[in-house]
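Descriptive structure summary
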Amino acid sequence: MKAIADELSARHSVSLVCTTIGLSRSTRYHTVGSGSRHALDSDLKREVARVHRENKRIYGAPRIRLALREQGLCHSKRRIARLMRELDIKGRSRGRSNAPCVTDSKHKNRISPNKLGELEEVKKAHSVWVSDTTDLKGRDQWLYLAVTMDYYSRTIVGWEVSPVNDACLTSKALSNAIAAYPTTRPLHHSDRGSTYTAKAYMETLEKVDAISSMSRK
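Quick caveat, the model's predicted, so the values are computed rather than measured. (Residues numbered from 1 in each chain as written. Predicted model: local features only at pLDDT ≥ 70, side-chain atom pairs only at ≥ 80, totals over all residues. Heavy atoms only, no water.)

**A short note on the packing of aromatic side chains**
Following the criterion strictly, the structure yields one aromatic pair and no others. For the pair tyrosine 196 and tyrosine 201, a centre-to-centre distance of 5.1 Å together with 90° between the ring planes defines the contact as edge-to-face. For the pair formed by tyrosine 196 and tyrosine 201, the shared burial category is buried. Across from the ring centre of tryptophan 142, 5.8 Å away, lies the NZ or CZ of lysine 137, which sits over that ring. One residue, arginine 154, lies across the ring of tyrosine 151, its end atom 4.5 Å from the ring centre. (Phe/Tyr/Trp six-rings, centres within 6.5 Å; stacked < 30°, edge-to-face > 60°. Buried < 20%, exposed > 50% of the residue type's maximum accessible area, 1.4 Å probe, protein only. Lys NZ or Arg CZ within 6 Å of the ring centre and 35° of its normal.)

**Remarks on the pattern of salt bridges**
The final tally for this structure, using the stated rule, is eight salt bridges. In this structure, the salt-bridge partner of arginine 50 is glutamate 47, at a minimum N-O distance of 2.9 Å. Of the two residues, arginine 50 and glutamate 47 are both situated in helix α4 (residues 37-54); the distance of three residues between them amounts to about one turn of the helix. Across the pair, glutamate 47 and arginine 50 agree in class, each one buried. Residues arginine 50 and glutamate 54 are paired through a salt bridge, measuring 3.2 Å at the closest nitrogen-oxygen approach. (Salt bridge = Lys/Arg side-chain N within 4 Å of Asp/Glu carboxyl O. Helix = DSSP H or I, 4+ residues; strand = E, 2+ residues; numbered from the N terminus.)

**Some points on the side chain of arginine 50**
Classification of arginine 50 as buried rests on a relative accessible area of 9%. Separated by 2.8 Å, the side chains of arginine 50 and glutamine 71 make a polar contact. (Polar contact = N/O pair within 3.5 Å; in protein donor to acceptor, adjacent residues only side chain to side chain.)

**What to know about the packing of helix α7 (residues 167-180) against helix α9 (residues 199-206)**
At a minimum axis separation of 8 Å, α7 and α9 run at an interaxial angle of 10°. By the angle between their directions, the pair α7 and α9 is classed as roughly parallel. Across from Ala167, Thr170, Ser171, Leu174, Ser175 and Ile178 in α7, the residues of α9 making contact are Ala200, Tyr201, Thr204 and Leu205. (Axes fitted to C-alpha atoms, helices over the stretch in contact; angles between N-to-C directions. Parallel < 35°, antiparallel > 145°, perpendicular 65-115°, else oblique. Contact = heavy atoms within 4.5 Å.)

**So, the pairing of strand β1 (residues 128-137)**
By the bridge criterion, three bridges tie β1 to strand β4 (residues 187-190) in an arrangement that is parallel. Among the inter-strand pairings, tryptophan 129 is bridged to a residue of β4, identified as histidine 188. Here β1 pairs with strand β2 (residues 142-150) via nine bridges, running antiparallel. Pairing of threonine 134 across the sheet is with leucine 145, part of β2. (Pairing = 2+ DSSP bridges.)

Next comes the structure, spelled out in structure tokens:
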């Protein structure tokens, strides 16, 4: 059995070899380890590379170690990190540390009071709209998505995407909502960012005689 496993391991991963011949991974590693640390490193590298690849090359040494441990392969984080260096692979953060800031509240535009917070109940569709903007990571750049939602039905009534986060973007999303769902004097709620307090946006609200409402910082 060891000879067969050794021969197959020269061309395939430990995971595939063990599944094919019905051998547990821990037993295979123990057998290899008792003979040659170099051979063990070679097999373990394949497993490290596989886990890294299957997880979109995001996993670093700590998470690869945990993933292998769930499969019965217990190795130190230090050893996994060493093998990753030898393979010239590394994890990468899924965080948003480089994400742009969406809301700019440092401006001198007029701020509306939070009238949405005063409502006890919304009884009909298109009587209250809420608008917001978020960022989206594209392949080569950040994009901005501005949406307007009907508060009663939770339906997105208007939206727009742009590489620039400005009043033109938010006004276009609101205009799309007005065109798709004509309404009169809705309560419109947003944050107090500059893209929602700008003159262009306020003029768009005036088209439907909307009542402006804004949240706190």
